Amino acid sequence: MIAENELSQLTGFFRHRENDVLPLFRVVQPDGKAEESMLAHLTVEQIQKIYRQMVRVRQFDRKSIALQRQGKMGTYAPFEGQEAAQVGSALALRRSDWVFPTYRDGAASMTHGMPLKTMFRYWMGQLDGFDVPDDLNILHPCVPIATHLLHAVGVAWAAKLRGEDTVSICYFGDGATSEGDFHEALNFAGVFHLPVVFFCQNNGFAISVPFQRQSASRTIAERASAYAMDGIRVDGNDGLAVYLAVQSAVQKARDGGGPTLIEAVTQRFGAHTTADDPTRYRDQASMDEAWRDERDGIVRLRRLMLQKGVWSDSEEQRLLESTSEELLAAFDEAAAVPMSQPAEMFHHVYGQELWHLKEQRQGLQAGGEA
Ligand SMILES: Cc1ncc(C[n+]2csc(CCOP(=O)(O)OP(=O)(O)O)c2C)c(N)n1
C-alpha cells in the first residue's frame, strides 16, 4: 500500500504542468504596431493583397446575410470576424493545393479562387451550385462535422504515393476536435507523415457550446504532440501571422516534413447561421464596438497600413465601391440561373441511381410522400 505522502509526491510528478501552454504567434498588435523582424518577411503588395481580400469577403458575407433576410437565399453561415484566419491561410497556398472547407469557410474558398457567383448559387440552394472550376482543387463545403479531415488525409496520401508536391489543407472549428474523425485523421497523417495542414479556427463556440465545455485541454494546438506533429497556435485575427504560419507549414509539408496542426484563435462576430439566435447562449451586448475593435483583423491591418503610409482613405473607398459592383454583378448572374427543382437532389447522390432512391424520386415527382 502506498503511503499518503508518497502518493502526493507521485501525483505531483504526474500532474499536468501549468506553464506548458503554447505561445500565441502574432505579428500585428490590435493598435497596428507590428513586429518588424516578422514584417520583413512580407512585401507591401502581399500585405495589401491580404487586406483587400479580407475586405472583399466581408462585403460578400454581409451581402449574403442581407439577401437571406430578403428571402433570396436559403440559410447562410456567416464568417465575419474570421476573415484574417481564412484569407491569410488560403493566400499561403498554391493554386494546385487541395482545400477542404466547411460551411463556414466561404472566405477561404473565395480566396483560393471560387467565383462569387458560384458561392451565391450554393447558398441559394441551386443543387448543382458548387460547380468547382476544373483547374481548382476545392471540395464541396462539408456540413457533417470533421468527416472531411479524413478526405484531406486521403488526398494527401494519394499525392505522396504519386510523388506530387501538392498539399491538402482542411478547415474546421473547435467543435470538430471532439469528433473521432479528428483523432483518426491526425493519427493517420502522423503515422504516414502526410503533406496535410489541419487548420482549426477556434472561434470559441460550437453553435452554443463554449470551448471550455468542449475540451478540457487549454489549447487545441497542444494536441499535435500526441500525434508527433508540430502544433502552432496563432492569433487568428492577425492575417499576417496566419499567412506566415501557414506558409511555413505548407512549405514543410511540400518538402516532405509531414503534417501540422494549426489553431487559429479567433471569434465569430455574428450568429452560427441565419437560423441561430446567439443571444440565447452568449452576451452579444458585451461584444460592443470596443470589443470588436480590439479583435477585428480588418481594423488591425488597416491601422498598420495607414501607419506605414501604404494605404489611404481614397483607396479604401475605391475598394469598397469596386467590391460592391462585383458583388451585384455576381448575384445577378447567379439569380439568372433557374432555381433547382426538388427532384434534382437525387441527381448527385450516386453515379447510378439505386432502387430505393429511384422509388423516392418517383414518389416525389408523383406528388406523394418522398
Ligand atoms: C457529425 C455532425 N454532428 C453534429 C452536427 C450539427 N452541427 C452543425 S454545426 C455544429 C457545430 C460545429 O462547431 P465547430 O466545429 O466549432 O465549427 P463552427 O460552426 O464554429 O465553425 C454542429 C454540432 C453536424 N453537422 N455533424
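Since the structure is predicted, the reported quantities are computational estimates derived from the model, not experimental observations.

Draft legend 1. Quick look at the overall build of the protein chain. Looking only at helices and strands, the protein chain features 14 helices and 7 strands. Taken over the C-alpha trace, the protein chain has a radius of gyration of 22 Å; the compact-globule value for 370 residues is 21 Å, and the two agree within 12%. When the backbone C-alpha atoms are referred to their principal axes, the protein chain occupies close to 75 × 60 × 50 Å. Within the protein chain, buried positions represent 48% of all 370 residues. For the protein chain, the proportion of contacts with a sequence separation of at least 24, taken over those separated by at least 6, is 74%. Of the roughly 18,200 Å² of accessible surface on the protein chain, a fraction of 53% belongs to carbon and sulfur atoms. Across the protein chain, the 37 positively charged side chains and the 49 negatively charged ones have centroids separated by 1 Å.

Draft legend 2. Expanded view of the site of the ligand. Neighbouring the ligand are 15 residues; Y103, R104, V143, G175 and F205 lie closest to it. Contacts to the ligand include I145, whose backbone N or O atom sits 3.0 Å from a nitrogen atom. A distance of 3.1 Å is found between an oxygen atom of the ligand and a side-chain nitrogen or oxygen belonging to N203. A per-class count over the shell around the ligand returns 8 nonpolar, 4 polar and 3 charged.

Draft legend 3. Main features of the packing of helix α6 (residues 116–123) against helix α13 (residues 313–335). The geometry of α6 relative to α13 is characterised by a closest axis approach of 8 Å and an angle of 50 degrees between their N-to-C directions. With respect to their mutual orientation, α6 and α13 come out oblique. Classified by chirality, the crossing of α13 by α6 is right-handed. In this structure, α6 uses L116, K117, F120 and R121 to contact α13, whose residues at the interface are E326, L327, A330, F331, E333 and A334.

Draft legend 4. The environment of S248, seen in detail. For S248, the location among the structural elements is in helix α10 (residues 239–254). When the C-alpha positions of S248 and A92 are compared, they lie 8.8 Å apart, and in sequence the two are 156 residues distant.

Draft legend 5. Focus on the nonpolar core. If you look at the biggest cluster of nonpolar residues, it comprises 66 residues, and the most contacted ones within it are F60, F120, F199 and L240. Take this core: its biggest share by element is 10 residues, from α10. Those residues in contact with F60 that lie beyond four places of it in its chain are Y76, F79, M110, L116, M119, F120 and L327. If you look at the next biggest cluster of nonpolar residues, it comprises 23 residues, including A152, F182, L186 and F211.

Draft legend 6. Inspection of the pairing of strand β6 (residues 230–235) at higher detail. In terms of strand pairing, β6 meets strand β7 (residues 260–265) through 6 bridges, oriented parallel. When the sheet's bridge partners are listed, I232 is paired in β7 with I262. A crossover links β6 with its parallel partner β7, the connecting element being α10, and its sense is right-handed.

Draft legend 7. Seen up close, the pattern of salt bridges. All told, the structure shown has 21 salt bridges when counted by the stated rule. The shortest N-O distance in the salt bridge between D135 and R95 comes to 2.9 Å. Here D135, found in the loop between α6 and α7 (147–162), pairs with R95, found in the loop between α4 (83–90) and β1 (98–100); they are 40 residues apart in sequence, far enough to count as distant. The class of D135 is partly exposed, set by a relative accessible area of 49%. Taking relative accessible area as the criterion, R95 reaches 42% and is therefore assigned partly exposed. The salt bridge involving R300 is made with D235; its shortest N-O contact spans 3.0 Å. Here the residue R300 occupies a position in helix α12 (residues 297–308), and D235 occupies one in strand β6, the gap between them amounting to 65 residues. Taken as a pair, R300 and D235 share a single burial class, namely buried.

Draft legend 8. Broad picture of the domain arrangement of the protein chain. As far as domains go, the protein chain holds domain 1 (22–339) and domain 2 (340–370). Once you take the C-alpha centre of each, domain 1 and domain 2 turn out to be 34 Å apart. Across the boundary between the two partners, domain 1 contributes 6 residues, which contact 6 residues of domain 2. Here domain 1 packs against domain 2, burying approximately 410 Å² in sum over the two surfaces, 53% of which is carbon and sulfur. The largest per-residue losses of area from domain 1 upon contact with domain 2 belong to L127, D128 and M339, which jointly make up 94% of the total buried on that side. Summed over the shared surface of domain 1 and domain 2, the result is 0 salt bridges. Seen at the junction of domain 1 and domain 2, the total is 0 residue pairs in polar contact (both at pLDDT 80 or more). When the residues that make up the side of domain 1 that touches domain 2 are grouped by side-chain class, the tally is 3 nonpolar, 2 polar and 1 charged.

Draft legend 9. Broad picture of the environment of F269. By secondary structure assignment, the location of F269 is in the loop between β7 and α11 (289–295). Residue F269 is classed as buried on the basis of its relative accessible area of 5%. Taking the C-alpha atoms as reference points, F269 and D288, separated by 19 residues in sequence, lie 9.9 Å from one another. Once residues lying within four places of it in the same chain are set aside, the contact partners of F269 are R58, E80, G81, R282, Q284, M287, W291, R292 and D296.

Thresholds applied
Residues numbered from 1 in each chain as written. Predicted model: local features only at pLDDT ≥ 70, side-chain atom pairs only at ≥ 80, totals over all residues. Heavy atoms only, no water. Helix = DSSP H or I, 4+ residues; strand = E, 2+ residues; numbered from the N terminus. Rg over C-alpha atoms; globule rule 2.2 N^0.38 Å. Buried < 20%, exposed > 50% of the residue type's maximum accessible area, 1.4 Å probe, protein only. Contact = heavy atoms within 4.5 Å. Areas by Shrake-Rupley, 256 points an atom, 1.4 Å probe, with all protein chains shown as cover. Lys, Arg positive; Asp, Glu negative; His and termini not counted. Charge placed at Lys NZ, Arg CZ, Asp CG, Glu CD. Near = heavy atom within 4 Å. Polar contact = N/O pair within 3.5 Å; in protein donor to acceptor, adjacent residues only side chain to side chain. Nonpolar A, V, L, I, M, F, W, Y, C, P; charged D, E, K, R; others polar. Axes fitted to C-alpha atoms, helices over the stretch in contact; angles between N-to-C directions. Parallel < 35°, antiparallel > 145°, perpendicular 65-115°, else oblique. Left-handed = near helix turned anticlockwise from the far one by under 90°. Core = buried A, V, L, I, M, F, W, Y, C linked by side-chain atoms within 4.5 Å. Pairing = 2+ DSSP bridges. Right-handed = clockwise from strand over helix to strand, strands pointing away. Salt bridge = Lys/Arg side-chain N within 4 Å of Asp/Glu carboxyl O. Domains from an automatic or database assignment. Buried area = accessible area lost by both parts, 1.4 Å probe.

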